[in-house]
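Chain by chain, the residues run as shown.
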Amino acid sequence: MTESCVTAIHKKGQKEDLGNYRPVSLSVVPGKVMEQIILCATTPNLEDGDGLRASQNGFRRGRFCLANLISFYDQVTCLVNVGKAVDVVCLYFSKAFDTVSHSTLLEELAAHGLDRSTF
């Protein structure tokens, strides 16, 4: 197991509010190497059609959230132009990754074929 140092990074808002900070691990080199190994092992499984849809642009190499937004806008305007009704629900997940239970995340990774001994 590699050692790491966790530090609090201010996200936004008042610096006095502890909820405006997120923990960031300052990993040592072996930890970073292991992250890359895991990334290389998991990315193909996500991109083979089972984990991420073709429309997923964020968090993927060579794709951008703006491209996804433009595609979405194009689809909505096409539907409106032919007289279809369109409903849109927007969700804001800024704190989702700050509050994910690590044990739940580990269970999900294990459910997708990663051996618990690798993490």
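Quick notes on the rules
- Counting restarts for each chain: residues are numbered from 1 in the order of the written sequence.
- Thresholds applied to this predicted model are a pLDDT of at least 70 for local features of residues and 80 or more for the giving and counting of side-chain atom pairs; totals over whole chains, interfaces and linings are not thresholded and use all residues.
- Calculation of side-chain values draws on the structure's entire complement of heavy atoms; hydrogens and water are dropped beforehand.
- In this text, helices come from DSSP runs of H or I with a minimum length of four residues, and strands from runs of E with a minimum of two, each type numbered from the N-terminal end.
- Categorising residues by exposure relies on relative accessible area from a 1.4 Å probe, with only protein chains included: less than 20% of the type maximum marks a residue as buried, more than 50% marks it as exposed, and the intermediate range marks it as partly exposed.
- The criterion used for residue contact is that any of the two residues' heavy atoms lie within 4.5 Å.
- Areas reported here follow the Shrake-Rupley algorithm with a probe of radius 1.4 Å; residue values treat only the protein chains shown as occluding.
- The length a helix should cover is 1.5 Å for every residue beyond the first.
- Nitrogen and oxygen atoms within 3.5 Å of one another constitute a polar contact, given that in protein one can donate a hydrogen and the other can accept it, and given that sequence-neighbouring residues count only through two side-chain atoms.
- A patch consists of residues whose relative accessible area exceeds 30% and which take part in no salt bridge; residues with like charges are grouped when within 9 Å of each other, and nonpolar side chains (Val, Leu, Ile, Met, Phe, Trp, Tyr) when within 5 Å.
- Whenever a carboxyl oxygen of Asp or Glu lies within 4 Å of a side-chain nitrogen of Lys or Arg, that contact is scored as a salt bridge.
- Within a predicted model, pLDDT stands for the predictor's per-residue confidence, ranging from 0 to 100.

Trainee: Give me the overall build of the protein chain: which residues, what numbers.
Mentor: Scanning the protein chain from terminus to terminus reveals four helices and two strands. Along the chain direction, N to C, the helices and strands of the protein chain fall in the order β-β-α-α-α-α. Counting over 119 residues, the protein chain shows a buried share of 7%. Relative to all contacts within the protein chain whose residues are 6 or more apart in sequence, the contacts with residues 24 or more apart total 20%. Surface exposure of the protein chain reaches about 10200 Å², of which carbon and sulfur atoms provide 60%.

Trainee: Just give me the short version of helix α2 (residues 65-81), but keep the residues and values in it.
Mentor: Its 17 residues give α2 an end-to-end C-alpha distance of 24 Å, which sits within 8% of 24 Å, the value for a rise of 1.5 Å per residue. Gly83 occupies a position one or two residues after α2 and carries a positive phi of about 85 degrees.

Trainee: I'd like a description of the environment of Arg60, backed by residues and values.
Mentor: Topologically, Arg60 is positioned in the loop between α1 (29-47) and α2. With a relative accessible area of 13%, Arg60 lands in the buried category. Sequence spacing of Arg60 and Thr43 is 17 residues, and the spatial spacing of their C-alpha atoms is 8.9 Å.

Trainee: So, the side chain of Asn20: which residues are in play, and what are the values?
Mentor: Along the chain, Asn20 falls in the loop between β1 (4-10) and β2 (21-27). Within the structure, the side chain of Asn20 is placed 3.4 Å from the backbone oxygen of Lys12, a separation counted as a polar contact. If we skip the residues at most four places from it in the chain, Asn20 touches Ile9, His10, Lys11, Lys12, Gly13 and Gln14.

Trainee: Describe a nonpolar patch on the surface, listing the residues and the values that go with them.
Mentor: Side chains of Phe64, Leu66, Leu69, Ile70, Phe72 and Val88 sit close together on the surface and give an oily, nonpolar patch of about 620 Å² of accessible area. In this structure, Val88 sits in the loop between α2 and α3 (96-99). Val88 gets classed as partly exposed once you look at its relative accessible area, which sits at 45%.

Trainee: Talk me through the confidence of the model for the protein chain; I want residue IDs and the actual numbers.
Mentor: Per-residue confidence for the protein chain gives a mean pLDDT of 75, with 73% of residues at or over 70. Per-residue pLDDT, averaged within each element of the protein chain, yields its smallest value for α3 (62) and its largest for α2 (87).

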